[in-house]
Amino acid sequence: MESVSAVFAGTALVLFGTALLTWTGARALHRAPVAHGVSPVASTALTTLFGVVFLGLGVWCFTLV
């Protein structure tokens, strides 16, 4: 039963991380702000960092299966 939870959590984290990285890349490519009212460099760096963290956590959940 725990493997089902790990697969669900891994899938959700990988999808969110991938979507966050794709969205951040598209915004940076078009030179559009990633977050309004924040430094463009800081917002791009932080969203990239969190995208990679979520992607890594998702992959880690898949190793628990």
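Caption draft 1: View of the packing of helix α1 (residues 2–29) against helix α2 (residues 40–63). The N-to-C vectors of α1 and α2 enclose an angle of 155°; their axes lie 7 Å apart at closest approach. Considered as vectors, α1 and α2 are oriented roughly antiparallel to each other. In the crossing of α1 with α2, the sense of the turn from one axis to the other is left-handed. Broken down by class, the residue content of the contact of α1 with α2 amounts to 16 nonpolar, 10 polar and no charged.

Caption draft 2: Looking closely at the side chain of T24. Tracing the backbone shows T24 in helix α1. For T24, a relative accessible area of 2% gives the class buried. Here the side chain of T24 touches L20 through a polar contact of 2.7 Å, landing on its backbone oxygen. Setting aside chain neighbours within four positions, we find T24 in contact with V34, T44, T47 and T48.

Definitions and cut-offs
Residues numbered from 1 in each chain as written. Predicted model: local features only at pLDDT ≥ 70, side-chain atom pairs only at ≥ 80, totals over all residues. Heavy atoms only, no water. Axes fitted to C-alpha atoms, helices over the stretch in contact; angles between N-to-C directions. Helix = DSSP H or I, 4+ residues; strand = E, 2+ residues; numbered from the N terminus. Parallel < 35°, antiparallel > 145°, perpendicular 65-115°, else oblique. Left-handed = near helix turned anticlockwise from the far one by under 90°. Nonpolar A, V, L, I, M, F, W, Y, C, P; charged D, E, K, R; others polar. Buried < 20%, exposed > 50% of the residue type's maximum accessible area, 1.4 Å probe, protein only. Polar contact = N/O pair within 3.5 Å; in protein donor to acceptor, adjacent residues only side chain to side chain. Contact = heavy atoms within 4.5 Å.

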